[in-house]
Amino acid sequence: VPNSKLKEELKYSKYSQKEIAEKLGISVSNISNWKKGKNLPSLEMFYQLCILLEISADDILEIKK
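Residues numbered from 1 in each chain as written. Predicted model: local features only at pLDDT ≥ 70, side-chain atom pairs only at ≥ 80, totals over all residues. Heavy atoms only, no water.

S.K.: How do you make sense of the environment of F46 when you look at a structure like this?
M.R.: Checked against the element boundaries, F46 lands in helix 4 (residues 43–53). For the pair formed by F46 and L24, sequence separation is 22 residues and the distance between their alpha carbons is 10 Å. (Helix = DSSP H or I, 4+ residues; strand = E, 2+ residues; numbered from the N terminus.)

S.K.: Looking at this structure, how should I read the environment of I60?
M.R.: Secondary-structure assignment places I60 in helix 5 (residues 57–61). For I60 and F46, which are 14 residues apart along the polypeptide, the C-alpha to C-alpha distance reads 9.7 Å.

S.K.: When you look at the packing of helix 2 (residues 17–24) against helix 3 (residues 28–36) in this model, what are you seeing that I'm missing?
M.R.: Between two packed helices, what matters for the description is the angle formed by their axes and the separation of those axes. At a minimum axis distance of 8 Å, the contact between helix 2 and helix 3 shows a crossing angle of 115 degrees. In the packing of helix 2 onto helix 3, the handedness of the crossing is right-handed. Of helix 3, the residues touching helix 2 (which contributes Q17, K18, I20, A21 and L24) are V28, I31, S32, W34 and K35. Taken together, the residues that form the contact of helix 2 with helix 3 break down as 6 nonpolar, 2 polar and 2 charged. (Axes fitted to C-alpha atoms, helices over the stretch in contact; angles between N-to-C directions. Left-handed = near helix turned anticlockwise from the far one by under 90°. Contact = heavy atoms within 4.5 Å. Nonpolar A, V, L, I, M, F, W, Y, C, P; charged D, E, K, R; others polar.)

S.K.: What's the story with unusual backbone geometry in this structure? I'm lost.
M.R.: One can expect most non-glycine residues to show negative phi and most peptide bonds to be in trans. Phi angles above zero are rare outside glycine, and E54 is one such case at about 55 degrees. The topology assignment puts E54 in the loop between helix 4 and helix 5. You can call E54 exposed: its relative accessible area is 64%. A positive phi angle, near 55 degrees, is found at E62, a position not held by glycine. (Buried < 20%, exposed > 50% of the residue type's maximum accessible area, 1.4 Å probe, protein only.)

S.K.: Whenever I open this one, helix 3 confuses me. Can you help?
M.R.: Since the α-helix packs 3.6 residues into each turn, any two residues three or four apart lie on the same face. The complete set of buried residues in helix 3 reads I31, S32 and W34. What you see down the axis of helix 3 is that its buried residues fit within an arc of 160 degrees, all on one side. Phi for G37, located one or two positions after helix 3, is positive at around 80 degrees. (Arc of directions from axis to C-beta.)

Have a look at this one:
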């Protein structure tokens, strides 16, 4: 997952980091670490994040069709 695109999507989300963490059942530090590039979401968490943020995996992964 390209960190810059993930960071951008999290930054401009209609949800706060706390709200995202609550909705995904994870800690706020996980979100923070994703934004900092310290680690990446699991595949399942990535899928749930795409649904929550209403963005396609292709967009976050910057896959050109």
